[in-house]
Amino acid sequence: MIKVAKFGGSSLADEIQFEKVKQILNEEEERKFVVVSACGKAREDEHKVTDLLYLCAAHLHYGVSAESLFQPIEEKYYRIKEKLGLSIDLKKEFEEIRNSFSKDIDTDYLVSRGEYLTAKLLADHIGGTFVDAKDVICFGYDGQVDMEKSRNAFLALAKSDQKIVIPGFYGALPNGRIRVMTRGGSDITGAIIANLVDADIYENWTDVSGIYVADPRIIKDSLSCKRLTYRELRGMSYMGANVLHDDAIFPVKEKNIPINIRNTNDPKHPGTMIMNDCSEPDEKDPPRIITGIAGKEGYTIITLVKNHSSTAVGFLRELLSVFEEYKISVESVPNTVDTYSIIVSSKAVSSDLYNILHQIQNRIQPDEMKVDEDVALIAVVGRRMQALPGISGSLLSEFGRNMVNIKVISQSADELSIVVGVANKDFKKAIGCIYDRFVLAQEESV
Ligand code: ASP
C-alpha cells in the first residue's frame, strides 16, 4: 500500500504543526511520499508565506525595498528550525534567495521558495529525503505537466528508503526555469505524485475534517460528507466549495486513486473519501440524498427572445460566438421556446458587457433583451438524486415555501446536480432552506 500525503499551509504553520505532521507520518509507513505547501499563518495577524513572497516580488520589481516583508519570512523559518532543533543551513538558503533580489527578479522563482524551504525543514524534521520539485515536475512550454517525463524523472530520483518530501506548487520548464502553478497548486502536485507512483490513496491533510455539505460560513456546524464521487466534488468545487484545488482531481481520477481529505488537527477523524465510484460502499451505507450544496454570488444573466429562433439552425452557435470572441466562459444557457438566458460571471463580463450587448443586438437582432446583474447560482449536488422521482419538485417547493424566487433552473440529463439562480439577497436563505429540509431533516429522521 502506497500513500501520498499532502499537507496544506495551515498544517505547517509553526513548530507545533510540524510536530503533528511528523506524528501523522510516523504512524504509517505507507505514508511514503509527502508533498507540502508553504507555511501558512499560525495566528490571525500573520500572513501566509506565499502572500508575502508575492508582495516581495512586486516591491522588488518597482525598486522598493522588500525588507519589511522578507524579514518575517526569515524569522518564521528560523524559529521553526530552532524550536525543532534542526540542522538545515538556513543562512545559506536565505543568502541564495537574497542574491536574486533585483528589479528583474523572477517572481515564480521567488514565490516557489515558500514550498521549497518548508519541504527542506520537514525533510530534516522527519529524517526524510528532500526531492526538489524543479527536478521532477516537468512542464512543457504549453504550461502543461509532461507526465511521462515527470514519471521518469521522479522514479529515478525518489529511490530512498526514507520518506520522500517534495515541495508542492511548482516545477520547471524544459529550460530549467521554475514555473509555479495557480494558487493552491500544491494539491495538484500531490495528485501528480499520486499518479506517478500509482498510489493506493492520496491523502490531503488540511484544517477541516473533510468536505462540508454546505459552506460553514453560511451553515454554522454544517455536517461533512463521508464520501463523494470525483464528479460530485467537481460540481461542488466549481461552484465555490474550495477545500481542494479544482485541477487536483484530474491526475488521480485518471488512475482511479481515491482522495481522502483529512484534518491535521483531528487525525482520528476519517474525513471525506472521494472516489470514482461510490456504489459499493453506498450499498452498505446509503448516502444522503443531497451530497452538497455549493454556490456563488456575482453572476449576470442576459436573456433574449428571438421569434422562431428555436427552429433556426445555428442560432445558438451564432449567439454564443459573441461570448467566445470576448473570451468569456458561459456558465449555462437555460432556454425555452425562442428564449435564451445566458449566464456568465459578472466579473468576467464587467468591462465588455455593453460591447457584448451591442454585438448581440447587431448580429442577432433579438425581439427583446434584458440584463439581470444580481444573480447567485446554487448547485445542489447528489448522486442519489439520479432516478429518484420528486427531488426537483420538493426542491422547488421548498424555495416557494421560503419565498425564494427562482430566476433560472437547469439540470443536465445525468441528474447529478440541479443549478438554480436566485437574487444575491436570497443566496444564504436559499442554501439554508435546502440544508434544513434535505440534510438536517434526513439526519434527524435516521
Ligand atoms: N503556497 C501556495 C499558495 O498559497 C500554494 C499552495 O499552498 O498550495 O497558493
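The structure we're discussing is the one just above.
As the structure is a computational prediction, the values presented were derived from the model and not from experiment.

Trainee: Now, about the site of the ligand: what can you tell me, with residues and values included?
Mentor: Inspection of the region around the ligand gives S37, K48, T50, E115, F169, R183, G184, G185 and S186 as its neighbouring residues. In this structure, S37 approaches the ligand through a side-chain N or O atom, which is 3.0 Å from an oxygen atom. One nitrogen or oxygen atom from the side chain of S186 is found 2.9 Å from an oxygen atom belonging to the ligand. Contact with the protein chains hides 94% of the accessible area of the ligand, taken as 260 Å² for the molecule alone. Class assignment for the residues of the shell around the ligand results in one nonpolar, five polar and three charged.

Trainee: Can you explain the packing of aromatic side chains? Please cite residues and give values.
Mentor: Taken as a whole and assessed by the stated rule, the structure comprises eight aromatic pairs. Geometrically, the ring pair formed by F70 and F94 is edge-to-face, given 5.8 Å between the ring centres and 85 degrees between the ring planes. Placement of F70 in helix α3 (residues 67–84) and of F94 in helix α4 (residues 90–99) is noted, with a sequence separation of 24 residues between them. Aromatic side chains Y77 and F94 sit 6.3 Å apart centroid to centroid with 50 degrees between the ring planes, which places their arrangement in the tilted category. Of this pair, Y77 sits in helix α3 while F94 sits in helix α4; the two residues are 17 residues apart in sequence, bridging distant segments of the chain. Exposure class is identical for Y77 and F94. Each is buried. Here the aromatic cluster, defined as three or more aromatic residues joined through ring pairs, consists of F70, Y77, Y78, F94 and F101. Over the face of the ring belonging to F130 we find K120, whose NZ or CZ atom lies 4.8 Å from the ring centre. When the ring centre of F438 is taken as reference, the NZ or CZ atom of R437 above it lies at 4.7 Å.

Trainee: Explain the sheet that holds strand β9 (residues 259–263) residue by residue, including any values.
Mentor: Strands sit in the order β3-β4-β2-β1-β7-β9-β10-β8 across an open sheet of eight strands; the sheet is mixed. The open sheet is flanked by β3 (129–130) and β8 (227–229), the only strands paired with a single partner.

Trainee: Report on the nonpolar core, specifying residues and quantitative values.
Mentor: Ranked by internal contacts, the top residues of the largest apolar core, which has 118 residues, are Y77, L122, F154, I193 and I290. Sorting elements by how many residues they give to this core places helix α5 (residues 107–126) first, with 10 residues. Excluding anything up to four places from it in sequence, F154 contacts F33, V136, I164, I166, I193, L196 and V197. One finds F323, Y340, I356 and I364 within the second-largest nonpolar core, a separate group that totals 16 residues.

Trainee: Break down the pairing of strand β7 (residues 201–206) for me, citing the residues and quoting the values.
Mentor: On a regular strand, each side chain points to the face opposite its neighbour's, so the side chains alternate between the two faces of the sheet. With six of its six residues buried, β7 lies for the most part within the structure. With burial as the criterion, each face of β7 is covered, one bearing I201, E203 and W205 and the other bearing Y202, N204 and T206. In this structure, strand β1 (residues 3–7) lies alongside β7, joined through five bridges in parallel fashion. Counted as the bridge partner of V4 is Y202 from β7. Pairing geometry for β7 and β9, over five bridges, is parallel. Bridge pairing in β9 links Y202 to I259.

Trainee: Before we move on, could you go through the packing of helix α7 (residues 147–157) against helix α8 (residues 186–196) and cite the residues and values that matter?
Mentor: Viewed as axis vectors pointing N to C, α7 and α8 meet at an angle of 75 degrees, and their least axial separation amounts to 10 Å. By the angle class used here, α7 and α8 are roughly perpendicular. For the pair formed by α7 and α8, the contact residues are M147, S150, R151, F154 and L155 on the first element and I192, I193, N195 and L196 on the second. Residues of the contact of α7 with α8, tallied by class, amount to six nonpolar, two polar and one charged.

Trainee: Pulling in residues and values, what's your account of unusual backbone geometry?
Mentor: One non-glycine residue, K327, lies in the positive phi region at around 55 degrees. Using a relative accessible area of 75% as the deciding quantity, one classes K327 as exposed. Positive phi, close to 50 degrees, is recorded for Q365, a residue that is not glycine. As for its position among the elements, Q365 is in the loop between α14 (353–364) and β15 (368–381).

Trainee: Could you give me a rundown of the pattern of salt bridges, with the residues and numbers involved?
Mentor: Enumeration according to the criterion identifies 32 salt bridges in this entry. The partner of E93 in a salt bridge is K120, with the nearest N and O atoms 3.6 Å apart. Of this pair, E93 sits in helix α4 while K120 sits in helix α5; the two residues are 27 residues apart in sequence, bridging distant segments of the chain. Relative accessible area serves as the criterion here: at 9%, E93 is assigned to the buried category. Of the residues examined, K120 reaches a relative accessible area of 24% and is grouped as partly exposed. A salt bridge links D135 to K134; its shortest N-O distance comes to 3.1 Å. A residue is classified by how much of its surface remains accessible, and D135, at 35% relative accessible area, is partly exposed. With relative accessibility at 34%, the residue K134 sits in the partly exposed group.

Trainee: Hey, could you go over helix α1 (residues 15–27) for me, with residue numbers and the actual values?
Mentor: With 13 residues, α1 extends 18 Å between its outermost C-alpha atoms, agreeing within 8% with the 18 Å of an ideal straight helix rising 1.5 Å per residue. Those residues of α1 lying buried are E15, Q17, F18, V21, I24 and L25. In this fold, the buried residues of α1 make contact with β1, β2 (31–36), α3, α5 and β7. The opening residue of α1 is D14, an N-cap whose side-chain oxygen sits 3.1 Å from the backbone nitrogen of I16.

Trainee: Summarise the packing of α3 against α5; cite the residues concerned and give the values.
Mentor: Between α3 and α5, the least distance of the axes is 11 Å, while the angle of their chain directions is 0 degrees. The angle between α3 and α5 places the two elements in the roughly parallel class. Within the contact between the two elements, α3 uses Y77, I80, K81 and L84 and α5 uses G114, L117, T118, L121 and H125. Partitioning the contact of α3 with α5 into residue classes produces five nonpolar, three polar and one charged.

Cut-offs used in this document
Residues numbered from 1 in each chain as written. Predicted model: local features only at pLDDT ≥ 70, side-chain atom pairs only at ≥ 80, totals over all residues. Heavy atoms only, no water. Near = heavy atom within 4 Å. Polar contact = N/O pair within 3.5 Å; in protein donor to acceptor, adjacent residues only side chain to side chain. Areas by Shrake-Rupley, 256 points an atom, 1.4 Å probe, with all protein chains shown as cover. Nonpolar A, V, L, I, M, F, W, Y, C, P; charged D, E, K, R; others polar. Phe/Tyr/Trp six-rings, centres within 6.5 Å; stacked < 30°, edge-to-face > 60°. Helix = DSSP H or I, 4+ residues; strand = E, 2+ residues; numbered from the N terminus. Buried < 20%, exposed > 50% of the residue type's maximum accessible area, 1.4 Å probe, protein only. Lys NZ or Arg CZ within 6 Å of the ring centre and 35° of its normal. Pairing = 2+ DSSP bridges. Core = buried A, V, L, I, M, F, W, Y, C linked by side-chain atoms within 4.5 Å. Contact = heavy atoms within 4.5 Å. Axes fitted to C-alpha atoms, helices over the stretch in contact; angles between N-to-C directions. Parallel < 35°, antiparallel > 145°, perpendicular 65-115°, else oblique. Salt bridge = Lys/Arg side-chain N within 4 Å of Asp/Glu carboxyl O. Expected span 1.5 Å × (residues − 1).

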